[in-house]
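# Topology and contacts: notes
Chain by chain, the residues run as shown.
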Amino acid sequence: MAATPTPHPQAPPKPTWDPRDPVRPLLRPTIRIRLTLLYGGMFLIAGIVLLSIIYLFTAQALTESVSQLPFRVIRGDVQPTTSWCDLPVQGTGEQLNEAVSRCLKQQQDKALEDLLRRSLFALLGLSIIAFAFGYAMAGRVLSPLGRITRTARQVAGSDLARRIELDGPDDELKELADTFDEMLERLERAFTAQQRFVANASHELRTPLAINRTLLEVHLSDPGAPVELQQLGKTLLATNERSEQLVEGLLLLARSDNQIVERKPVDLAEVAERAVDQVHGEAETRGVEIRGERASAVVQGNGVLLERIALNLLQNAVRYNVPEGGWVEVTTEAQHGQAVLVVTNTGPVVPAYEIDNLFEPFRRLRQERTGSDKGVGLGLSIVRSVARAHGGRISAEPREGGGLVMRVTLPI
């Protein structure tokens, strides 16, 4: 009986703001704001309920006291002291009693109005104090979280030696900080081991390349060597030199924890031109036309790694194309403070749901970890890693009619 495949858990929704962006929305719903609204809202609701109860009790007491007058007017003269109390100067006892009741009722309404107005002003003032007090208390309670966030940002800047070392009561926040410190310690050990491995691999990779370069230079120094052999030797020497540069660039990328430390001005148009020159022969063999306008777009980065981005995209675009009448369009431009490299090609129809798989190591369209004469399945993985190391990103979308549109965006 076939096993039922386990559904993949859905990824959590992405935040509406970028955590790395220093300019964040002013009304971002932070925990401190939510706690402040919670504290202040609870106080406001309690104040409104208390005010309503006091108002109802006061109104009931005044109504009962006015409905039964503690006296009756038999006779006499009345002199009103307010304009709104309409009492007859002279009249019968019954008329005077009714007039007094009306005046007391008006006095009751006026007193309740005054009570309500004063209470609302008092509630408003106390609400402001409550919200300010709640904001201050929320900040004090959440200060450990701020410390954790600052440490996480410093760690994101490749400072794995930082620790939170939170003091205070053994509560949930301290448990979170201690867990984070333990995770950082394990990460630091892992990255240290990776750096040692990179240092060892650096020597192992450089040595055979250096030997090849020496042997080629020795053969090229022989004046009796045939012209064809000398031309082949020069080609191999240039390829060996480019391999050495690529190894140095990749090792630099690994040593710097996927961050480019040494940056120099690099023109994407020039990088794309060099990549086109290298792929031009293969494109002619496969009958693929390379076209497109390349405007200047200077970025700060590593030229060898950026050239590898363009070269890998071009090689994929040429190799995964239609048998006849295929084309590849390579354009570069600067727009909105970013440098953009776009590689568009004809080719087979690519389903949208398979786009993400193309960037995984050893993954190809409808193939996984299988041999192919078109590559080993690392090209797009390297492109994505190099783009991220330069602070950029790469996106892909199917082209109508077949093929892909690969867009690399890098900060200027």
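Since the model is a prediction, treat every value here as computed from it, not as a measurement.

Every other side chain in a regular strand lies on the same face of the sheet, so the side chains alternate between the two faces. Taking burial as the measure, the 8 residues of strand β5 (residues 338–345) include 7 buried ones, the bulk of the element. One ladder, built from 8 bridges, connects strand β4 (residues 326–335) with β5; its direction is antiparallel. Each residue of the ladder has a partner; that of Gln335, found in β5, is Gln338. In sequence, β4 turns back onto β5 through a hairpin of 2 residues, with His336 there showing a positive phi of about 55°. Pairing between β5 and strand β9 (residues 404–411): 8 bridges, direction antiparallel. Directly across from Ala339, in β9, lies its bridge partner Leu410.

On to the confidence of the model for the chain, then. Mean pLDDT over the chain works out to 77, with 76% of the residues at or above the 70 mark. Taking the mean pLDDT of every element in the chain, the minimum, 44, falls on strand β7 (residues 367–368) and the maximum, 94, on β5. Taken together, the stretch residues 367–373 has pLDDT below 50 and engages in 5 contacts with residues farther than four places along the chain or on a different chain.

Take helix α5 (residues 268–286) next. Within an α-helix, residues lying three or four positions from one another point in the same direction, as the helix has 3.6 residues per turn. Here α5 contains 19 residues, and its C-alpha end-to-end distance of 26 Å stays within 8% of the 27 Å for a straight helix at 1.5 Å per residue. Of all the bends in α5, the greatest measures close to 45° and is centred on Val279. The complete set of buried residues in α5 reads Leu268, Ala269, Val271, Ala272, Ala275, Val276, Val279 and Ala283. The elements touched by buried residues of α5 are β1 (264–267), β2 (288–291), α6 (303–319), β4, β5 and β9. The opening residue of α5 is Asp267, an N-cap whose side-chain oxygen sits 3.1 Å from the backbone nitrogen of Ala269. Gly287 sits one or two positions beyond α5 and adopts a positive phi of about 70°.

Moving on to the sheet that holds β9. Read across the open sheet, the 5 strands follow the order β2-β4-β5-β9-β8; overall the sheet is mixed. Edge strands, defined here as strands with exactly one partner in the open sheet, are β2 and β8 (393–398). Ignoring which end each strand starts from, the neighbouring axes of this sheet average 15° apart. Across the face of the sheet, α6 comes into contact with β2, β4, β5, β8 and β9 while running at roughly 20° to β5.

To continue, consider the packing of α5 against α6. In the contact formed by α5 and α6, the axes pass within 8 Å of each other and the chain directions differ by 25°. Our classification of the angle between α5 and α6 gives roughly parallel. Seen from above, α5 lies across α6 with right-handed handedness. Of the residues in α6, those touching α5 at Val271, Ala272, Arg274, Ala275, Val276, Gln278, Val279, Glu282, Ala283 and Arg286 are Gly303, Leu306, Glu307, Ala310, Leu311, Leu314, Gln315, Val318 and Arg319.

A few words on the nonpolar core. Counting 39 residues, the largest nonpolar core has Ile309, Leu313, Val328, Leu341, Met406 and Val408 as its most contacted members. If you list the elements that add at least two residues to this core, you get α5, α6, β4, β5, α7 (379–389), β8 and β9. Broken down by element, this core gets its largest block of residues, 9 residues, from α6. Sequence-distant contacts of Val328, that is, excluding residues within four places in its chain, are made with Val288, Glu289, Ile290, Arg291, Leu314, Ala317, Val318, Asn321, Val343, Thr344 and Asn345. In this structure, Ile148, Ile164, Leu166 and Ala177 belong to the second largest nonpolar core, which totals 6 residues.

To continue, consider a negative patch on the surface. On the surface, Asp170, Asp171, Glu172 and Glu175 cluster together into a negatively charged patch. Residue classification places Glu172 among the exposed positions, given a relative accessible area of 63%.

Reading the values: rules and limits
- Residues numbered from 1 in each chain as written.
- Predicted model: local features only at pLDDT ≥ 70, side-chain atom pairs only at ≥ 80, totals over all residues.
- Heavy atoms only, no water.
- Buried < 20%, exposed > 50% of the residue type's maximum accessible area, 1.4 Å probe, protein only.
- Helix = DSSP H or I, 4+ residues; strand = E, 2+ residues; numbered from the N terminus.
- Pairing = 2+ DSSP bridges.
- pLDDT = per-residue confidence, 0-100.
- Contact = heavy atoms within 4.5 Å.
- Expected span 1.5 Å × (residues − 1).
- Bend = angle between axes of the 7 residues up to and from the residue.
- Polar contact = N/O pair within 3.5 Å; in protein donor to acceptor, adjacent residues only side chain to side chain.
- Axes fitted to C-alpha atoms, helices over the stretch in contact; angles between N-to-C directions.
- Parallel < 35°, antiparallel > 145°, perpendicular 65-115°, else oblique.
- Left-handed = near helix turned anticlockwise from the far one by under 90°.
- Core = buried A, V, L, I, M, F, W, Y, C linked by side-chain atoms within 4.5 Å.
- Patch = residues over 30% accessible without salt bridge, like charges linked within 9 Å, V, L, I, M, F, W, Y side chains within 5 Å.
- Areas by Shrake-Rupley, 256 points an atom, 1.4 Å probe, with all protein chains shown as cover.
- Salt bridge = Lys/Arg side-chain N within 4 Å of Asp/Glu carboxyl O.
- Lys, Arg positive; Asp, Glu negative; His and termini not counted.
- Charge placed at Lys NZ, Arg CZ, Asp CG, Glu CD.

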